[in-house]
Each structure stands twice: as C-alpha cells, then as structure tokens.
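Architecture at a glance
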Amino acid sequence: MKVTEHIAQANGNTQFSFEILPPLKGQDIKSIFDNIDPLMEFKPPFIDVTYHREEYIYKEQENGLLKRQVVKKRPGTVGICAAIQNRYKVDAIPHILCGGFTKEDTENFLIDLDFLGIQNVMALRGDAVKTETYFTPEKEGHEYANGLVQQIHALNDGVYLDEDLQNTSKTNFCIGVAAYPEKHMESPSLDSDIHFLKKKIKSGAEYVVTQMFFDNQKYFEFVEKCRKEGITIPIIPGLKPIATKRQLNLLPHRFHVDLPEPLILEVIKCKDNSEVKQVGIEWCIQQSKELQKAGIPVLHYYSMGKSDNIQTIASEVF
Ligand code: FAD
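Everything numeric in this text was worked out from a predicted model, so none of it was measured.

This part is about the site of the ligand. Among the 21 residues in the neighbourhood of the ligand, the closest are listed as Y51, D127, Y180, D193 and K200. For the ligand, an oxygen atom lies 2.9 Å from a polar atom in the backbone of R125. Y180 places a side-chain nitrogen or oxygen 2.7 Å from an oxygen atom of the ligand. Protein burial of the ligand: of its 980 Å² of free accessible surface, 84% is covered by the chains. Going through the elements one at a time, β5 (91-97), β6 (120-124), α6 (190-202) and β8 (207-212) are the ones with two or more residues in the shell around the ligand. Element by element, the count of residues in the shell around the ligand is highest for α6, at 3 residues. Of the residues contributing to the shell around the ligand, the split by class is 11 nonpolar, 6 polar and 4 charged.

Our focus in this paragraph is the sheet that holds β5. The parallel closed barrel is built from 8 strands, whose spatial order is β1-β2-β5-β6-β7-β8-β9-β10. Each neighbouring strand pair of the sheet contributes to a mean axis angle of 30 degrees, computed without reference to strand direction. Of the pairings in the sheet, the one linking strand β9 (residues 235-239) to strand β10 (residues 298-302) comprises 2 bridges and is parallel in character. Looking at the pairing, G238 lines up with H300 of β10. Taken strand by strand, α6 contacts β7 (174-179) and β8, and its axis lies near 175 degrees from that of β7.

On to helix α4 (residues 103-115), then. Along an α-helix, residues three or four apart share an orientation, since each turn contains 3.6 residues. With 13 residues, α4 should reach 18 Å at 1.5 Å per residue; the first-to-last C-alpha distance of 19 Å fits that figure. Burial in α4 covers these residues: T106, E107, F109, L110 and L113. Buried positions in α4, seen along its axis, are confined to an arc of 165 degrees and lie on one side of it. With respect to the buried face of α4, the exposed residues turned more than 90 degrees away are E104 and F115. Among the structural elements, α3 (77-88), β5, β6 and α5 (145-156) are those in contact with the buried residues of α4.

A word on the packing of aromatic side chains. In this description, an aromatic ring pair is defined by two values, namely the gap between the centres and the angle between the planes. Scanning the model with the defined rule gives 11 aromatic pairs in all. Judged by centre distance (5.6 Å) and plane angle (35 degrees), the ring pair of F16 and Y301 falls under tilted. A residue pair is termed long-range when its members are at least 10 positions apart, and F16 in strand β1 (residues 15-20) and Y301 in strand β10 qualify at 285 residues. The pair F16 / Y301 is uniform in exposure class, with both members buried. Relative to Y88, the ring of F33 lies with its centre 6.0 Å away and its plane at 70 degrees, an arrangement referred to as edge-to-face. Residue F33 is located in helix α2 (residues 30-36), and its partner Y88 is located in helix α3; the two are separated by 55 residues in the primary sequence. A single burial state applies to F33 and to Y88, both of which are buried. Ring-pair connections join several aromatic residues into one group, and the members of that group are F16, F18, F42, Y301 and F318. Across from the ring centre of F33, 4.1 Å away, lies the NZ or CZ of R87, which sits over that ring.

Reading the values: the criteria
- Residues numbered from 1 in each chain as written.
- Predicted model: local features only at pLDDT ≥ 70, side-chain atom pairs only at ≥ 80, totals over all residues.
- Heavy atoms only, no water.
- Near = heavy atom within 4 Å.
- Polar contact = N/O pair within 3.5 Å; in protein donor to acceptor, adjacent residues only side chain to side chain.
- Areas by Shrake-Rupley, 256 points an atom, 1.4 Å probe, with all protein chains shown as cover.
- Helix = DSSP H or I, 4+ residues; strand = E, 2+ residues; numbered from the N terminus.
- Nonpolar A, V, L, I, M, F, W, Y, C, P; charged D, E, K, R; others polar.
- Pairing = 2+ DSSP bridges.
- Axes fitted to C-alpha atoms, helices over the stretch in contact; angles between N-to-C directions.
- Contact = heavy atoms within 4.5 Å.
- Expected span 1.5 Å × (residues − 1).
- Buried < 20%, exposed > 50% of the residue type's maximum accessible area, 1.4 Å probe, protein only.
- Arc of directions from axis to C-beta.
- Phe/Tyr/Trp six-rings, centres within 6.5 Å; stacked < 30°, edge-to-face > 60°.
- Lys NZ or Arg CZ within 6 Å of the ring centre and 35° of its normal.

As structure tokens, this is what we get:
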C-alpha cells in the first residue's frame, strides 16, 4: 500500500515507522531482522531502507603508485526491501539516489522495485562522496532530487527513456522526498529550500520526511511556513534519540542540526554512554508525545541499525 493510503486509513491516529541501514558488506541479514523483530509489535505500516553510494579508496600497489578502488560498504538495499516485505508483510521503502546513478540505471532500478511489488520510493539527491567538495552527478544522471522525482513520475505514466518502450507498462510508485526544518546545509536560506521543495512536489512527490530535529518548535514553524507556501502533502517528522556523547559534535557537524541547550547540558552531565542513552530516550519520548498530541500522522525514527532505544520510546508513545 502507498504511504498516503496508510495515512488516510489511520483515521487521524499517529502511526509509528522507522528507517534501517543495510548491514555492512560481509555481515548477514540476521542483524537486520534482530533489530526489526522487536519493533513489529508497534505495527509500522512501512519501513525505510537507506541507500549507500559507493566510496573511493586509494590502495598502494607493488610499484608504489596509488590505485583508486571503488567500494560499496552497504550494498543490498533492494534485497533487504524484498526480504522485509516477504517476512513481515509490511511495505518496505527503498531510498533511491541521484548520486552514482545514470538515468538508465534509475530506470532499471525502478523496474526491479516494481517487479518486487514495492509501491513507495524515497527520492533523494545524495551527498558528495568523500573525494568531492560538491555533489557531482553522473554524466547522464540527475543533478537534483527534482529530476529524479520527474523520472519516477514519468515512469508511472509509462514514459521510458527508450522511445520504443513507451506505454509498454506503467509503474505506480508513491514518491517521498526529503526536507530540512533547519534548512539543507547547502541552501542559502530556508525560503530557497522550501522553493525547491515545492518544485519536487509539483513534479509528483506525495509526502515529505524531514531531517532529524531535536526542538519540536523548529518542525512546527517549518510546517507552518510550508503550509503558507501552499504545500498540503503530509510532512512526516524524522526523530533520532541521541545515544552517545560523541553525537553532541557529530550530529550538528554531519546533519547541520542544532541541539537545544538543555539537552546538551543533560548529556554533558552523563558519566557514560548508558546514561546518555537514557537522556536521549527521555528527550525523544517528550518530543514524540508532543508531536502525537499535535495530531502528526506518522512519527518516523532513525534507528541507525540499533533498535533497543527505539523500542523503549515506542512502548511509551504508541
Ligand atoms: P535536493 O532536493 O536535490 O536538494 C539539495 C540541495 O539543492 C538543497 O540545498 C536544495 O535547496 C538545493 N536545490 C534543489 N533544487 C535546486 C535547483 N534546481 N537549483 C539550485 N539548488 C537546488 N542520503 C543517502 O545517501 N542515502 C539515504 O538513504 C538518505 N536518506 C535520507 C532520508 C531523509 C529523510 C533525509 C532528510 C535525507 C536522506 N539522505 C540520504 C541525505 C540526502 O541525500 C542529503 O541530505 C542530500 O544532500 C540532499 O538530498 P535531497 O534529496 O534533499 O536533495
């Protein structure tokens, strides 16, 4: 079922969903199931699976010269989606990127998803890889998520890249896109970011999932701004419980989000990470309850591959 249909069927009740990462290459899928199993009692209507681009490493050869090697640390997004749908009978949502994909790669990827009965996709640009200063699309790829949304929407209308294939079959994907209550790191302003978000929606996106935030006010203000700009589709909040002291520096650096002063002070006071985890759980429960009270249709949790804290939060909230 489509995310929009799940929301419509919930009759205003707040639903629980979460995102997982494919395991590191070489690990098996059991680690994924071990994390998902305890969360199934909260009846997630859908589970997102992230997509990870290849990275480049430089290896020294016998002649002393460095050779560039392409590695993919977390392959398996599509396979894991298929396994989730098969094992849990819930909708799995693969993330799909502009980065690393030509338009033809995208078309073939979408055909695979369609064959697997996947009905939702999260369309994203992706970030620059470590060796790039700025995001660089493939020569025949999309520069922004908007182009990717347009391509997925076109395939829903039976428009293929190859003219001979037009209208042979149509896909039926519900398209999700990303948004940033504290603005995207590259964006000159929140208004500019919302301007481009509107473009993605005009191109066919049907729901939005936000970057994590730790101050609900930022989300509420963002939603209000979007509504004033005429955005009417669901804006699903993304939530992440802080779990380690290191994340005090890592999260603002990597995701360009602010941490509220009271949360920072609570984390600094902690003796070890088990105490930090408890602080993160309590903070996230408060955030979740306030969002639930405001009638938000879905709360989406970033599990980062660990589910015990999400389980504790969900058992308090749902
Ligand atoms: P876009 O919508 O293309 O926007 C990127 C930037 O360009 C923004 O600053 C926007 O304002 C600007 N912009 C857009 N269009 C134009 C235009 N026409 N001209 C000028 N500027 C423009 N990354 C992964 O690698 N894998 C994942 O699985 C993944 N999952 C994610 C899930 C969520 C919910 C979120 C919020 C992010 C996720 N990301 C993931 C990270 C995401 O790929 C990065 O944040 C990326 O930098 C931006 O992606 P986007 O789709 O928002 O890009």
